[in-house]
Amino acid sequence: MRTPSAKRLLTTLAVSVLVAAGNASAQASSSPGTPATRPASWTDGNTRGAKPTVVLVHGVFADASGFSDTIALLQRAGYQVIAPANPLRDLEGDAAYVSSVIDTVPGPVVLVGHSYGGAVITNAARGHTNVKALVYLGAFAPDKGESPLELAGRFPGSELAPALTTRHYPLPEGEGTDGYITPEKFRAVFAADLPAYKTRIMAATQRPGSVEGLSGTSGEPGWKTVPSWYLIPNQDKVIPPAAQRFMAERAGSRVTEIRSSHAVMMSHPGATAAVIRAADAATR
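Treat the numbers as computed from the prediction; the structure is a model and nothing was measured. (Residues numbered from 1 in each chain as written. Predicted model: local features only at pLDDT ≥ 70, side-chain atom pairs only at ≥ 80, totals over all residues. Heavy atoms only, no water.)

(A) Region of interest: the environment of His 114. Tracing the sequence through the fold places His 114 in strand 3 (residues 109-114). Separated by 52 residues in the primary sequence, His 114 and Ala 62 place their C-alpha atoms 9.7 Å from one another. When neighbours within four sequence positions are excluded, His 114 is seen to be in contact with Val 57, His 58, Gly 59, Phe 67, Leu 137, Gly 138, Ala 139, Phe 190, His 262, Ala 263, Val 264 and Met 265. (Helix = DSSP H or I, 4+ residues; strand = E, 2+ residues; numbered from the N terminus. Contact = heavy atoms within 4.5 Å.)

(B) Structural detail: the packing of helix 6 (residues 183-190) against helix 7 (residues 196-205). Relative orientation of the contacting elements helix 6 and helix 7 amounts to 115°, with a least axis distance of 9 Å. As helix 6 runs across helix 7, the sense of the crossing is right-handed. Residues Pro 183, Phe 186, Arg 187 and Phe 190 of helix 6 lie in contact with helix 7, whose contacting residues are Ala 196, Thr 199, Met 202 and Ala 203. The residue makeup of the contact of helix 6 with helix 7, split by class, is 6 nonpolar, 1 polar and 1 charged. (Axes fitted to C-alpha atoms, helices over the stretch in contact; angles between N-to-C directions. Left-handed = near helix turned anticlockwise from the far one by under 90°. Nonpolar A, V, L, I, M, F, W, Y, C, P; charged D, E, K, R; others polar.)

(C) Representation of the environment of Asn 130 in the model. The residue Asn 130 is located in the loop between helix 4 (116-124) and strand 4 (131-137) in this model. Between the alpha carbons of Asn 130 and Pro 52 there is a distance of 9.2 Å; along the sequence they are 78 residues apart. Only 3.0 Å separates the side chain of Asn 130 from the backbone oxygen of Gly 107, close enough to count as a polar contact. (Polar contact = N/O pair within 3.5 Å; in protein donor to acceptor, adjacent residues only side chain to side chain.)

(D) A look at the nonpolar core. Counting residues in hydrophobic clusters, the biggest one holds 50 residues, and the most contacted among them are Leu 111, Leu 134 and Phe 190. Sorting elements by how many residues they give to this core places helix 4 first, with 5 residues. (Core = buried A, V, L, I, M, F, W, Y, C linked by side-chain atoms within 4.5 Å. Buried < 20%, exposed > 50% of the residue type's maximum accessible area, 1.4 Å probe, protein only.)

(E) Region of the structure containing helix 6. By the burial criterion, the buried members of helix 6 are Phe 186, Val 189 and Phe 190. Projected onto a plane normal to the axis of helix 6, the buried residues spread over an arc of 95° and lie on a single side. Contacts made by the buried residues of helix 6 are with strand 3, strand 6 (175-181) and helix 7. (Arc of directions from axis to C-beta.)

(F) Quick look at the sheet that holds strand 9 (residues 254-258). Overall, parallel pairing links the 6 strands, which are arranged 2-1-3-4-8-9 in an open sheet. Strands at the two margins of the open sheet, each flanked by one partner only, are strand 2 (80-82) and strand 9. The mean angle between the axes of side-by-side strands here comes to 15°, regardless of whether they run parallel or antiparallel. Where strand 1 (residues 53-57) lies against strand 3, 5 bridges are found, and the strand directions are parallel. (Pairing = 2+ DSSP bridges.)

Here it is in structure tokens:
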């Protein structure tokens, strides 16, 4: 009897694996009470005792790497963390993108936003029953019809406007406008309590915010139905602390104030992680 060729052996093995996988899939799909497919945000929204996934949404003039130290602390405490890239193009579209990320997350979610990211999570939370808490970090929490730019200008204290420079970019019809913080003013306005060597890199790598995004108006806010927490950096030169106190009080948020620049998650990752963990503990 001739020994089968290597090719025949590999083919036989592959068929066996596929058949076994098919049988396992059929058994799983036929299990009572277990739908074969359903949106991830429907699953385990009320799982008692399960640690939530923390979704971190950055704002303008930054990127998700600003959460690095906070992520390390949360992961050390056993949390799954996702820090997606916020498109920073327009509020409605940015919120839709983050909402699509939440769709992929099984189980409960604590949704966290920094700066403009707060306006994004305010809108992205709608329709997701598994979002158990909203956490605002030096952030906007607009009501319906309000824009981040309007809220920032309603209270004195922001030094952002005179520090901005703009660049235009093409759109299918016309052009859009991006805002950047000028490098020489970046540290004083955005992150005065971080080392200069670090803020020079941050200024060079900052992701701009589109004027269209910052002037976009909010839909029905998630904080009206989802409990919220607010970490207010009282040395913030981007979003006036008075504006943040107003938004926090209106939303009924649990408030913590800290002596910090706008980049609170970078200068105080421990305090940031503590607020997120408090939101989790209170909504179990």
